[in-house]
Amino acid sequence: HEASLMAATEAASRAQALAETDPLTGFFNRNKLEEAFSACTAGISDSQSLLVALLDLDNFKAVNTSAGHSAGDAVLQHSAERIRSLLPNASLIRLGGDEFLAFSLVDNKSDAMMPVLSNITEPFPTDYEGENIWHSISVGYTLVRDRAVPISQAIAEADLAMRQAKREGKGRAIGYAPGESVPSAVSAPATHATFNPSLTGSDIKQEIPPRSVGAAILSGEIDFEFQPILDLTQGDIVAAE
């Protein structure tokens with residue numbers, strides 16, 4: 001009976017770990033996001049703030065398109081290893097795709113994290129089937145000094161900074177400027193577009209202002225769901241869209 005209980009406990013622990021861990025990178029997945037944030041904000045004090053960094057691989061779609069998804073997986077794994085080695089004390093989460101999140105307590109009297117973040121953004125190669133695939137990472141970050149700051153605000157601030165890093169040429173780390181407005185769907189310019197079934201592709205992109213969509217996502221007024229893609233020959237879920 002005792003052996004059965006131990007086996008059941010171990011199986012439950014493994015199932016819990018699988019439910020909270022991204023199998024490709026070994027980082028936490030979204031299921032662990034709020035718990036990891038709460039655990040890290042508990043360490044905020046007069047001497048320490050929480051660094052919230054959003055890390056996004058540059059031009060990752062081009063890797064999948066030109067070299068295939070296996071090459072893309074290799075780039076993701078190598079990038080995760082590099083991030084883990086440079087941020088060994090951080091809680092690391094794969095948000096999805098090529099986007100990662102890092103939580104790390106930092107000393108208020110030191111800017112030691114800046115060289116680390118700069119190192120993360122430096123271009124580096126991934127060896128794939130004897131060829132080097134060069135890539136870089138854009139980083140947007142914010143400092144949380146108040147335990148009451150919600151996770152949605154911290155990520156939205158880091159996201160704004162990361163998008164600025166992309167606009168400035170990618171492969172760089174940009175910090176959120178205190179006082180910068182985090183967009184909301186209410187404050188975003190209203191769109192007068194209506195759905196037109198005759199529009200396709202780029203025409204739709206031009207008709208719907210991207211800031212309106214982005215603001216609605218950041219403010220939580222737009223949600224999304226994954227639709228599984230099945231391999232009908234095996235009955236397995238092989239991907240999602």
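Not measured: the values here are computed from a predicted model.

> Looking at this model, I keep getting lost on the overall build of the chain. Mind explaining?
Looking only at helices and strands, the chain has eight helices and nine strands in total. Carbon and sulfur atoms make up 53% of the accessible area of the chain, which amounts to about 14500 Å² in all.

> Got a minute to help me understand the sheet that holds strand β1 (residues 48-57) in this structure?
By way of backbone hydrogen bonds, the strands of a sheet pair with one another, either parallel or antiparallel. Taken together, the five strands give an open sheet; going across it, the order is β2-β3-β1-β6-β7, and neighbouring strands pair in mixed fashion. The open sheet has two edge strands, β2 (91-96) and β7 (173-175), and neither has a second partner. Strand after strand, the sheet turns through a mean of 25 degrees between neighbouring axes, direction not considered. In the sheet, β1 pairs with strand β6 (residues 137-144) via eight bridges, with the strands oriented antiparallel.

> Just checking my understanding: could you explain unusual backbone geometry for this structure?
Keep in mind that most residues, glycine aside, have a negative phi and that most peptide bonds are trans. The backbone phi angle of Asn-59 is positive, close to 55 degrees, even though this residue is not glycine. The class of Asn-59 is partly exposed, set by a relative accessible area of 47%. Of note, the phi angle at Glu-129 is positive, near 50 degrees, even though the residue is not glycine. In this structure, Glu-129 sits in the loop between β4 (124-128) and β5 (131-135).

> How should the confidence of the model for the chain be read in this particular structure?
Segments scoring low in pLDDT should not have their predicted coordinates read at a detailed level. Averaged over every residue, the pLDDT of the chain is 81; the share at 70 or more is 73%. Confidence drops under pLDDT 50 across residues 183-211; counting only partners more than four residues distant or on other chains, this segment forms 25 contacts.

> What is the right way to look at the nonpolar core in this model?
Of all hydrophobic cores here, the largest spans 29 residues; its most connected members are Leu-55, Ile-83, Leu-87, Ile-137 and Val-139. Looking at which element gives the most residues to this core, the answer is helix α4 (residues 69-86), with six residues. In this view, Val-139 contacts Ala-53, Leu-54, Leu-55, Leu-117, Ile-120, Thr-121, Met-162, Ala-165, Arg-172, Ala-173 and Ile-174; residues no more than four positions away in its chain are not counted. Among the nonpolar cores identified, the runner-up in size contains 19 residues, and Phe-37, Leu-54, Val-149 and Ala-154 belong to it.

> Explanation requested: the environment of Ala-67 in the structure shown.
Among the structural elements, Ala-67 can be located in helix α3 (residues 60-67). Between the C-alpha atoms of Ala-67 and Ile-133, which are 66 residues apart in sequence, the distance is 9.1 Å. Residues within four places of Ala-67 in sequence aside, it is in contact with Ala-62, Tyr-128 and Ile-133.

> It is not clear to me how the pairing of strand β3 (residues 99-107) should be interpreted in this structure. Could you clarify?
The two faces of a sheet get side chains in turn, since along a regular strand they alternate between them. As judged from the nine bridges shared by β1 and β3, these two strands associate in the antiparallel manner. Looking at β3, one finds that Ser-49 is bridged to Val-106. The sheet contact formed by β2 and β3 spans five bridges and is antiparallel. Across the sheet, Leu-92 pairs through a bridge with Ala-102, a residue of β3. Here β2 folds back onto β3, and the loop between the two strands holds two residues, one of which, Gly-97, carries a positive phi near 60 degrees.

> How do you make sense of the packing of aromatic side chains when you look at a structure like this?
We describe a pair of aromatic rings using the distance from one ring centre to the other and the angle between the two ring planes. The tally for this structure, following the rule as stated, stands at two aromatic pairs. Their ring planes at 75 degrees and their centres at 5.5 Å tell us that Phe-27 and Phe-100 sit as a pair that is edge-to-face. Of this pair, Phe-27 sits in the loop between α1 (2-20) and α2 (33-41) while Phe-100 sits in strand β3, and the two are 73 residues apart along the sequence. Exposure class is identical for Phe-27 and Phe-100. Each is buried. Looking at Arg-82, its charged tip hangs above the ring of Phe-124, at a distance of 4.4 Å from the centre.

> Would you take a moment to explain the pattern of salt bridges for this structure?
A pair can form between side chains of opposite charge whenever their charged atoms are brought close. Summed over the entire model, instances satisfying the criterion amount to six salt bridges. Close ionic contact of Lys-32 with Glu-35 constitutes a salt bridge, the shortest N to O distance being 2.9 Å. Classification of Glu-35 by relative accessible area gives partly exposed; the value is 46%.

Thresholds, definitions, all that
- Residues numbered from 1 in each chain as written.
- Predicted model: local features only at pLDDT ≥ 70, side-chain atom pairs only at ≥ 80, totals over all residues.
- Heavy atoms only, no water.
- Helix = DSSP H or I, 4+ residues; strand = E, 2+ residues; numbered from the N terminus.
- Areas by Shrake-Rupley, 256 points an atom, 1.4 Å probe, with all protein chains shown as cover.
- Pairing = 2+ DSSP bridges.
- Axes fitted to C-alpha atoms, helices over the stretch in contact; angles between N-to-C directions.
- Buried < 20%, exposed > 50% of the residue type's maximum accessible area, 1.4 Å probe, protein only.
- pLDDT = per-residue confidence, 0-100.
- Contact = heavy atoms within 4.5 Å.
- Core = buried A, V, L, I, M, F, W, Y, C linked by side-chain atoms within 4.5 Å.
- Phe/Tyr/Trp six-rings, centres within 6.5 Å; stacked < 30°, edge-to-face > 60°.
- Lys NZ or Arg CZ within 6 Å of the ring centre and 35° of its normal.
- Salt bridge = Lys/Arg side-chain N within 4 Å of Asp/Glu carboxyl O.

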